[in-house]
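A closer look at the structure
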Amino acid sequence: MPGPHVRYFTPGKTVAGVPGVMCSVCSADPFTATSMAATPDHLTPAPPAERAAPQPMSSPRVEFDRVAELATHLAGGVGALLIDVGHERHEIRGTHGMPQATAEALLEACATLLDEPATPGWQALRTPGHAWRSARWWPLPPAGGLTPVQAGLLLLDTATRPPKESASPELHTLASHAADVLALSRRHDQIEQYNANMLRESESRLNLTEHTAGAGSWSLQLATREVVHSDEFATILGLGDLERVRDLESMVQRYAPEWRSGIRQRLDRCAQSGEPFDEEIQIVVEGSGPKWVRTVGTAVRRADGEIVRIQGAIQDISAQKQAQQDTLRLAMRLTTTLASITEAFVTLDRQCCFTYLNQESERLLQKTTGELLGLEVWQGFSPGLAQRLKEQLSRSLNTNRRVELEDYFPTLGKWLEVRAYPFAEGLAVYFRDVTERRRSQEQLMLLETSVSRLNDIVVIAETSATGQQEPNIVFVNDAFEQHTGYSRAEVLGQTPQMLLELDPSISKLQELVRGLQNRRQARTELMIRRKNGAMFWVELEVVSVQASAEEVTHWVAVGRDITQRKTAEDMIRHLAFYDALTDLPNRQLLLDRLQQVLAASSRSGQHGALMFIDLDNFKILNDTLGHHMGDQLLQKVAQRLTKSVRKTDMVARLGGDEFVIMVDDLSTDPEAAAFKARALADKVLNTLREPFQLTGGHQHHATPSIGVTPFNGQQSDVGELLKQADLAMYQAKSMGRNTVCFFDPDMQASMIANATVSSDLRVALREKQFVVYYQPQVDRVGVITGVEALVRWQHPERGFMRPAEFIPVAEDTGLILPLGQWVLETACEQLAAWADRPQTANLSIAVNVSVRQFRHPDFVDMVMAAIQRTGIRPHRLKLELTESLLADRMEITIEKMGMLKALGVTLSLDDFGVGYSSLSVLKRLPLDQLKIDKGFVADVLTDPNDAAISRAIIALAQSLSLQVVAEGVETQEQRDFLAYQGCDQFQGHLFAKPLPIEALDALLQNPTAGMLVMS
């Protein structure tokens, strides 16, 4: 640190005759000032014992005040100011007769006198509160390097008149001396400022040097045990801005406890014998722990050889120490690693001779270190291998670049990978046994070749390390290129998502990924996009390849093109749920959709409707124009129905000419829903009424019968709902066709009743609950010629049931076949029983035959079997056929009747006049008898039309040589009228009601009046 500037004032000569005023800057030369600065000694000021003892000092201001006091006495005034005139401000050097604040005010009041400092002058003053009335400016003469008039004395007086211009010689002398002193003071200040600047610059350079070197200096004064140090010293010790090390003990305490005793001993030896020291020890830094520093100390002696202080420095070497420790640890680790690494490692000199081998290299090369040290690395190998090694290793040494080679070493029987790295002394060489890898590569090459030739698609994708990114494709086989149209270069590095559509393939792939999280493989079917944009179906199986239990490295996907199979499945599914002819939904799909709509209707409260549509007289079109025309009509009907409804409605075909329309969301109001359903049904009705243009120029007019049943979600049985619509459709047909009919609960009641009857019929057949009643038939003279067998049902709960109550149900359910067969056989058995008695041997029994029974392929055989089994005479068995047989299949009907006629069976046409018979048909039938329907007989006496019809029937029968039987004869008048017209036989309550066999036998044994039994 810079030494202080010292100015010494000592007693000296008398100034201007004024006793006691002495001024000097040193004891030898009064009024001469010398700047004395302590010489820097390692930035430490010299102690007092090393420099001359200073003289007593007095302040320059005190001396200048005494000059002002002398000037006041010499001028005869009351006060004075010694002023140093400057360019920016005037400085008061000394004052007398006033305080400093008053002097500053007077300086401002006398500013005009100082405008021209070289000119003496005076000025009247007005200073309230003070006795001064005038001020005189007395400039100091040039002296000691002062420029002319740079300072002067401001003399104050109480007189209002200015003092006389002349002054005492003593005042001139005092002014001259004051000018010298002021000049000397100025030079002294300049020297001090210069020295201070130089010292600051030196300190700045030194601080920069210390900071750059990381070293801080210190100095220990042995006499005072005081320590002075640099800023970098404080920084290394971690001291604060204002914190300093003041003495030896506090410096020693900054070192780590285990080092304090040692540093104290070194300081003591240096102080006593001058032994220098240079140690690496640790200090303690508050807040950061121990720090390594290099501590250097040396003794400083005086000229006589006495040691007066110790100066030294410390340097932060923590980084070097850490580097040394890291290097040491690295060297130890490297040594351990080289000895223990699984790879063979050797070092070679620049002649490629062994200089070091680790344990693994001995095992791999199959020789010891002692055997190999100093030998060339290729010694002992085959000539070709040795030459290749020599070329590669020499190239590495010459180019200073690493080389790698992989070769087969026959003497070792292994494939080795050799990697050589050049360094200053030679080469570091690694040997690695890659025999297994080579075998794996060969196997992998074979596997890759095989996979590439597979017909199935194979894709391998590599997963990311974090698992957050999508996997990237790293392999595809030839089949992939063939099926997708993408080349390997186009897909490698891409994600599999490029091959998928956004939906639904992406969602399927996500499901597959979730499945892989639970197991290592998963299977799915999805669509893949070809390069040209076309799609094809792939059955995909994905297997994960795991490096560990938690880490999946690759996905292997194997795909098979199943487009043809999916197309076939779609076709099968379509065939299962859609009608092949019209491509409309079939019954199965309708029922499934209806079940869904009913569930939705139950939740929403919306009403819907089901429409059952049947084409009227569709069979006629098939029979006349052929089934291909019928199919064409059905297709056109399907098209019209589809266009007639909303897109949300369903049109289905149940089969044949039956269609169903399902509409939902009509309204939550039942009446509004029914109104909309009626409007839609009328629309469909009118649409189908329009003529259809068929191929070949045929125009066909079709009419539908439509049954409608509403629903609102309360119904749970879709089959029952369909039955209701079907019932309503049949009701529309019974109303004359070509109309719309809504389902009536009474229909349902009738259907339920019929279902009950159907069920009971089966039980009745099984339990033989039926009986046969017989109603006699008489001729014109009252002779009983035969009977008609009429079946009756003795129901266990409902009692006696007539045929009209169960025969229609038996017809609809097909039970008429076993029932009719039982009646036929019962009648044959009765004929066989009568044949044994002469009284009844000539009687005949008429049995009603239904259309369904007659149409049965085996009907003729069954009649023949019954006749043969019972042994009756065939002509005694009369079969009564209905006119409905003549509606269609005329040829078959005539053929069957001919076969029956050939058996000898008598044939009768029942209920003649109400069916389909005509003269052209009637003449072709092998009939024996016509039976007038009882509807005509009932009004034959009151209705001229019925009378005319009856006469016509009798006349027709006579012209065809057929017998005529009138049934339902209730009165004698009816019998007489019919007999008069030529009727041959009569049947009705006039003669007898239908009787059980017991009552009939009684009647035959004792006929009533007017009747006889044929014998």
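The notes below deal with the structure included here. As the structure is a prediction and not an experimental result, all values here were calculated from the model. Sequence order as written defines residue numbering, which begins from 1 separately in each chain. Local features in a predicted model are, by the rule used here, given only for residues with pLDDT of at least 70; side-chain atom pairs are given and counted only at 80 or more, and totals for whole chains, interfaces and linings are based on all residues. To obtain the side-chain values, all non-hydrogen atoms of the structure were used and water was disregarded.

**So, the overall build of the chain**
Going along the chain from the N terminus, every DSSP run of H or I of four or more residues is numbered as a helix, and every run of E of two or more is numbered as a strand. Along the chain, the regular secondary structure elements total 31 helices and 37 strands. Relative accessibility decides the category of a residue: with a 1.4 Å probe and only protein chains considered, values under 20% of the type maximum give buried, values over 50% give exposed, and everything between is partly exposed. Here the chain holds 1015 residues, and 43% of them are scored as buried. Note on contacts: a residue pair is in contact if any heavy atoms of the two residues lie within 4.5 Å. By sequence separation, contacts in the chain at least 24 residues apart represent 57% of the contacts at least 6 residues apart. Method for areas: the Shrake-Rupley scheme with a 1.4 Å probe, in which residue coverage is limited to the protein chains shown. Here the chain displays about 52800 Å² of accessible surface, and carbon together with sulfur accounts for 53% of that area.

**Notes on the sheet that holds strand 12 (residues 354-357)**
Read from one edge of the open sheet, five strands run 12-11-15-14-13, paired in antiparallel fashion. Since the sheet does not close on itself, it has two edges, and those belong to strand 12 and strand 13 (403-409), each with one partner. Strand-to-strand twist of the sheet, defined as the mean angle between neighbouring strand axes without regard to direction, takes the value 25°. Two strands are counted as paired when DSSP detects at least two bridges linking them. Of the strand pairs in this sheet, strand 11 (residues 344-349) and strand 15 (residues 426-433) are connected by six bridges, and their pairing is antiparallel. Bridged to T347 within strand 15 is A428. Of the strands in this sheet, strand 11, strand 13, strand 14 (414-423) and strand 15 touch helix 10 (residues 383-399), which is tilted by about 170° from strand 13. Between N-to-C directions, angles span 0 to 180 degrees; the directions come from axes that are lines fitted to C-alpha atoms, helices contributing only their stretch in contact.

**Regarding the environment of P410**
Assignment of secondary structure puts P410 in the loop between strand 13 and strand 14. Spatially, the C-alpha atom of P410 lies 7.9 Å from that of F381, the residues being 29 residues apart in sequence. Once you skip the residues sitting within four places of it in the chain, P410 turns out to touch S382 and L385.

**Examining helix 17 (residues 618-625)**
Of all the positions in helix 17, only F618, L621 and N622 are classed as buried. Down the axis of helix 17, the smallest arc covering the buried residues is 95°, so these residues share one side. Facing away from the buried side of helix 17 by over 90 degrees, the exposed positions are D623 and T624. On the buried face of helix 17, the contacting elements are strand 21 (607-615), helix 18 (627-644) and strand 25 (699-700). Immediately downstream of helix 17, the backbone of G626 shows phi near 105°, a positive value. Within this analysis, the arc is defined by the directions that extend from the helix axis to the C-beta atoms.

**Concerning the packing of helix 17 against helix 18**
Close contact between helix 17 and helix 18 brings their axes to 6 Å; oriented N to C, the two are set at 140°. In terms of their interaxial angle, helix 17 and helix 18 are classed as oblique. Side by side, helix 17 and helix 18 meet where F618, L621, N622 and L625 of the first sit next to H627, H628, M629, G630, L633 and L634 of the second. Roughly parallel means an angle under 35 degrees; roughly antiparallel means over 145; roughly perpendicular covers 65 to 115; every other angle is labelled oblique.

**Re the pairing of strand 28 (residues 770-779)**
Burial runs high along strand 28: nine of the ten residues are buried. Taken together, the nine bridges between strand 28 and strand 29 (residues 783-795) define a ladder with antiparallel strand orientation. Opposite Y773, over in strand 29, you have L790 as the bridge partner. Taken together, the two bridges between strand 28 and strand 36 (residues 985-987) define a ladder with antiparallel strand orientation. Residue pairing in the sheet places V778 in a bridge with F986 of strand 36.

**Quick word on the pattern of salt bridges**
Put simply, a salt bridge is a Lys or Arg side-chain nitrogen that is within 4 Å of an Asp or Glu carboxyl oxygen. The final tally for this structure, using the stated rule, is 46 salt bridges. We note a salt bridge from E279 to R266, for which the minimum N-O separation is 2.8 Å. Separated by 13 residues along the polypeptide, E279 in strand 8 (residues 277-285) and R266 in helix 6 (residues 257-273) bring together distant segments of the chain. Judged by relative accessible area, which is 24%, E279 ranks as partly exposed.

**Here we look at helix 23 (residues 816-834)**
Helix span, as expected, comes to 1.5 Å for every residue beyond the first. Counted at 1.5 Å a residue, the expected span for helix 23 with its 19 residues is 27 Å, and the 26 Å between its end C-alpha atoms agrees. Residues of helix 23 that are buried include every one of I816, L819, G820, Q821, V823, L824, T826, A827, C828, Q830, L831 and W834, and no others.

**Describing the sheet that holds strand 22 (residues 650-655)**
Spatially, five strands are ordered 22-23-21-26-27 in an open sheet, and the strand pairing comes out mixed. With partners counted over all chains shown, the strands left at the sheet margins are strand 22 and strand 27 (740-742), one partner each. Strand-to-strand twist in this sheet, taken as the mean axis angle between neighbours without regard to direction, amounts to 25°.

**Quick notes on the environment of A256**
Checked against the element boundaries, A256 lands in the loop between helix 5 (248-252) and helix 6. Exposure remark for A256: the relative accessible area of 3% places this residue in the buried category. Along the sequence, A256 and K291 sit 35 residues apart, while their C-alpha atoms lie 8.9 Å from each other.

**Comments concerning the side chain of T906**
With respect to the helices and strands, the residue T906 is situated in strand 33 (residues 906-912). In this structure T906 comes out as buried when scored by relative accessible area, which is 16%. Polar contacts, as counted here, are pairs of nitrogen or oxygen atoms within 3.5 Å of one another; within protein the pair requires one atom able to donate a hydrogen and one able to accept it, and residues that are adjacent in sequence qualify only if both atoms are side-chain atoms. A distance of 2.9 Å separates the side chain of T906 from the backbone oxygen of H875, its partner in a polar contact. Residue contacts for T906: discarding those within four places in its chain leaves P874, H875, L877, K878, L879 and D928.

**A closer look at the nonpolar core**
Among buried residues, those of type Ala, Val, Leu, Ile, Met, Phe, Trp, Tyr and Cys that are joined through side-chain atoms within 4.5 Å constitute a nonpolar core. Grouped together as the largest cluster of nonpolar side chains are 79 residues, with contacts concentrated most on L877, L879 and L978. Here this core gets eight residues from one element, more than from any other, and that element is helix 23. If near-sequence neighbours (up to four positions away) are discounted, L978 is found in contact with V937, V940, S950, I954, A966, V969, C983 and F986. In terms of nonpolar packing, the next biggest core, distinct from the first, is built from 32 residues, L634, V651, A681 and V708 among them.

**Considerations on the packing of aromatic side chains**
Between 30 and 60 degrees the pair is tilted, below 30 it is stacked and above 60 it is edge-to-face, where a pair is any two Phe, Tyr or Trp rings, Trp via its six-membered ring, whose centres lie within 6.5 Å. Inspection of the entire model under this criterion finds 14 aromatic pairs. Ring plane angle 70° and centroid distance 5.9 Å describe the contact between W259 and W292, whose orientation is recorded as edge-to-face. With W259 in helix 6 and W292 in strand 9 (residues 289-301), this pair connects stretches of sequence that are 33 residues apart. When the centroid spacing of 5.0 Å and the interplanar angle of 85° are considered together, the rings of F381 and F409 count as edge-to-face. Taken together, the residues F381 in the loop between helix 9 (369-372) and helix 10 and F409 in strand 13 connect sequence positions 28 residues apart. As far as burial versus exposure is concerned, F381 and F409 are alike and both buried. Through pairs of rings, three or more aromatic residues link up here, namely F345, Y356, Y421 and Y430. Distance and angle both matter: a charge sits over a ring if NZ of Lys or CZ of Arg is within 6 Å of the ring centre and within 35 degrees of the ring normal. Over the face of the ring belonging to W292 we find K321, whose NZ or CZ atom lies 4.3 Å from the ring centre. A cation sits over an aromatic face here: R438 above W415, 3.8 Å from the ring centre.

Coordinates in, geometry out; function isn't part of it.
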